Amino acid sequence: MKLTCKDSSAAIGSADLLVLFGFEGEKAQLPAGVSLPKAAALDFKGKFRETRLADVSGGSIDRVLLVGLGKRADCDWERLRRATAVGVKRAESMGLASMALWVSEPAVEAGCGAEATGRTLAEAAVMGHYQFDRCKSKPTKRKLERVVLCGPGREFAAGAKRGEVLGQANCFARDLQNAPGNLMTPSNMAEEARKIARASTAITCKVLDEATMAKLGMGALLGVARGSREPAKLIHLVYKPTRRAKGSRKIALVGKGLTFDTGGISLKPGARMDEMKFDMSGGAAVLGVFHALAQLGCEHEVHGIVPSTENMPDGQATKPGDVHTAMDGTTIEVLNTDAEGRLILCDALAYAKAKVKPDTILDLATLTGAVVVGLGHEVTGIFPSTHNLRDALHKAGEATAERVWPLPLLDTHKEQMKSQVADLKNISSPSMGAGSSAGAAFLAHFVGDTEWCHLDIAGTAWGGVERDYVGGSSGSGVGVRLLLEYLHQG
Ligand code: BES
Ligand code: ZN
Ligand code: ZN
């Protein structure tokens, strides 16, 4: 699908469908030269996501789809995203090759200006058209080839360009997530990272193999990998800005790249185990960010670190009670081999701290089932070490509708992770509850006093409510737009 922009005052040109938004209780604003049949204008109430198709005559447009935004006062970016996706999906299902979307001045105001509106419409158009069909022997042919976004001036077009890149990066991450475990192994993830680096002079990629990890002493990560025939990888991407502006920082993004989590010897129940192909969603988000950085750039130096392995039961696999030593020398008693995310992340965090020395670390991981209990599928649980980071991530979450909410990480949670046998144990006693805080407390041990936030995306990486451009049972690409917004904010 090719996305282009036009100034809203220019002639729309020919398109198989013209999509127009309307507010509830208001007469729909129309571009010059387009008039609606009376019946359509009367029928259409403008309720959020309401649609009305109408034939129009004269000019280069034959068909109009009105899409409701609801009451003007309730309209926000999220409604614009959803209404855009409704339009794109309808054009696709009607088998049309081209579509134009024209936004009126009040809708641009609701979208907080021309740039933000352009960005919002473009990302939603791209995301709304996403389909995962890599595994179909005969993929359904996509019909919609051309989408023209008509909005006010250069700022709108610049926003749309950015939005297109953001949308594509989200879809790239979703492709990685949705791929089944046999097609998205640690080696496959590493190859995807290398491809990203090859496409940009600003990005380099290093992939550490098991021998290198062993030399560095990454016993926790390698302890998880022991049960798998697939070699583990540690992906390290670096984005360097062409020139470092004042105030620019070094930021490390660490993503859990567990390509399939059976639980290991502490085997998971069979029901819905297939969903554990999504356990690499944190890693997918980090790669997605770099996919966009290749085109958008960023004032900060950004490191993307993805520890990647499978978690499998096997004669060689780590057993409950085994002790492994992490890169920083911490010894860990593995009481439950299913709490493996923290084991691969702790070596990645120790690596980031020792080798990158970042100002800020953000890690994304499908870490605990408990966060799904607490926050469901719409909100990511975050554990920010500073108020600044909490506020910045919250702001980014609201802007992207990839919502986040802080959860507590107390000294008592850290105490609970101490082991009688080793320095740490990988689970707290089940009677303590607060499973997500326990996971975060384990990770906290490895970041020391570096500014840090752990984002538990176990609920949000897949399985959210259908929201037209995202949601449902497949991967959501969560984290990509959130982190890019955070990086963009400064
Ligand atoms: N990958 C899972 C967490 C998960 C569970 C994500 C369900 C999404 C949906 C993680 O590795 C895990 O198994 N965590 C355990 C930790 C427990 C053993 C302390 C969990 O949450 O049950
Ligand atoms: Zn697990
Ligand atoms: Zn896991």
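Attention here is on the structure that accompanies the text. Quick caveat: nothing in here was measured; it's all calculated off a predicted structure.

### Observations concerning the coordination of the zinc ion (ligand 2)
Ideal coordination angles are 109.5 degrees for a metal with four donors arranged tetrahedrally and 90 or 180 degrees for a metal with six donors arranged octahedrally.
Then step 1. Donor atoms from the polypeptide that coordinate the zinc ion (ligand 2) comprise Asp-261 (OD), Asp-338 (O), Asp-338 (OD) and Glu-340 (OE), at 2.0 to 2.2 Å from the metal.
Then step 2. Mapped onto the sequence, the residues coordinating the zinc ion (ligand 2) show the spacing D-x76-D-x1-E.
Then step 3. Separating the zinc ion (ligand 2) from the zinc ion (ligand 3) is a distance of 3.2 Å, and Asp-261 supplies a donor atom to each of them. Placement of the pair is Asp-261 in strand 10 (residues 257-261) and Asp-338 in the loop between strand 13 (331-333) and helix 10 (341-356), with a sequence separation of 77 residues.
Then step 4. For Asp-261, a relative accessible area of 3% translates into the label buried.
Then step 5. By relative accessible area, Asp-338 is classed as partly exposed at 23%.

### Quick notes on helix 9 (residues 281-296)
An α-helix turns once every 3.6 residues. As a result, residues three or four positions apart point the same way.
Then step 1. In a regular helix each residue adds 1.5 Å, so 16 residues correspond to 22 Å; helix 9 covers 22 Å between its end C-alpha atoms and thus fits that length.
Then step 2. Among the 16 residues of helix 9, 12 are classified as buried, and the element is accordingly described as predominantly covered.
Then step 3. Looking one or two places after helix 9, you find Gly-297, whose phi comes out positive at around 70°.

### A look at the site of ligand 1
Then step 1. Taken together, 16 residues surround ligand 1, and among them Lys-268, Asp-279, Asp-338, Glu-340 and Gly-369 come closest.
Then step 2. Asp-279 is positioned with one of its side-chain polar atoms (N or O) 2.9 Å from a nitrogen atom of ligand 1.
Then step 3. Between Glu-340 and ligand 1, the recorded distance is 2.8 Å, taken from a side-chain N or O atom to an oxygen atom.
Then step 4. Partitioned by chemical class, the residues of the shell around ligand 1 number five nonpolar, four polar and seven charged.

### A look at the nonpolar core
Then step 1. In this structure, Leu-287, Phe-290, Leu-293, Leu-362 and Tyr-486 are the most contacted members of the largest nonpolar core, which totals 55 residues.
Then step 2. Here the element with the most residues in this core is helix 9; it accounts for eight residues.
Then step 3. Setting aside residues up to four positions removed in sequence, Tyr-486 forms contacts with Arg-249, Ile-251, Thr-360, Leu-362, Leu-389, Ala-392, Leu-393 and Ala-396.
Then step 4. Formed by 41 residues, the second largest nonpolar core is a distinct cluster that contains Val-334, Leu-343, Leu-345 and Phe-442.

### Observations concerning the sheet that holds strand 1 (residues 2-7)
Then step 1. Taken together, the six strands give an open sheet; going across it, the order is 1-6-5-2-4-3, and neighbouring strands pair in mixed fashion. In this open sheet, the two edge strands, each paired with only one partner strand, are strand 1 and strand 3 (51-55). Going across the sheet, the axis of each strand differs from the next one's by a mean of 25°, ignoring polarity.
Then step 2. Two strands pair when backbone bridges link them, and strand 1 and strand 6 (residues 146-151) are joined in this way by six bridges, in the parallel orientation. By the bridge assignment, Lys-2 is partnered in strand 6 with Arg-146.
Then step 3. Running at roughly 155° to strand 4 (residues 63-70), helix 2 (residues 77-93) makes contact with strand 2 (17-23), strand 3, strand 4 and strand 5 (98-102) of the sheet.
Then step 4. Its contacts with the sheet put helix 4 (residues 114-128) on strand 1, strand 2, strand 5 and strand 6, and the angle it makes with strand 1 is roughly 155°.

### Here we look at the packing of aromatic side chains
Then step 1. What the rule picks out here adds up to two aromatic pairs.
Then step 2. Against the face of Phe-48 rests Arg-79, its NZ or CZ located 4.4 Å from the ring centre.

Each value, and the rule that gives it
- Residues numbered from 1 in each chain as written.
- Chains lettered and ligands numbered in written order.
- Predicted model: local features only at pLDDT ≥ 70, side-chain atom pairs only at ≥ 80, totals over all residues.
- Heavy atoms only, no water.
- Donors = N, O, S within 2.8 Å, 3.2 Å for Na, K, Ca; no water.
- Helix = DSSP H or I, 4+ residues; strand = E, 2+ residues; numbered from the N terminus.
- Buried < 20%, exposed > 50% of the residue type's maximum accessible area, 1.4 Å probe, protein only.
- Expected span 1.5 Å × (residues − 1).
- Near = heavy atom within 4 Å.
- Polar contact = N/O pair within 3.5 Å; in protein donor to acceptor, adjacent residues only side chain to side chain.
- Nonpolar A, V, L, I, M, F, W, Y, C, P; charged D, E, K, R; others polar.
- Core = buried A, V, L, I, M, F, W, Y, C linked by side-chain atoms within 4.5 Å.
- Contact = heavy atoms within 4.5 Å.
- Pairing = 2+ DSSP bridges.
- Axes fitted to C-alpha atoms, helices over the stretch in contact; angles between N-to-C directions.
- Phe/Tyr/Trp six-rings, centres within 6.5 Å; stacked < 30°, edge-to-face > 60°.
- Lys NZ or Arg CZ within 6 Å of the ring centre and 35° of its normal.

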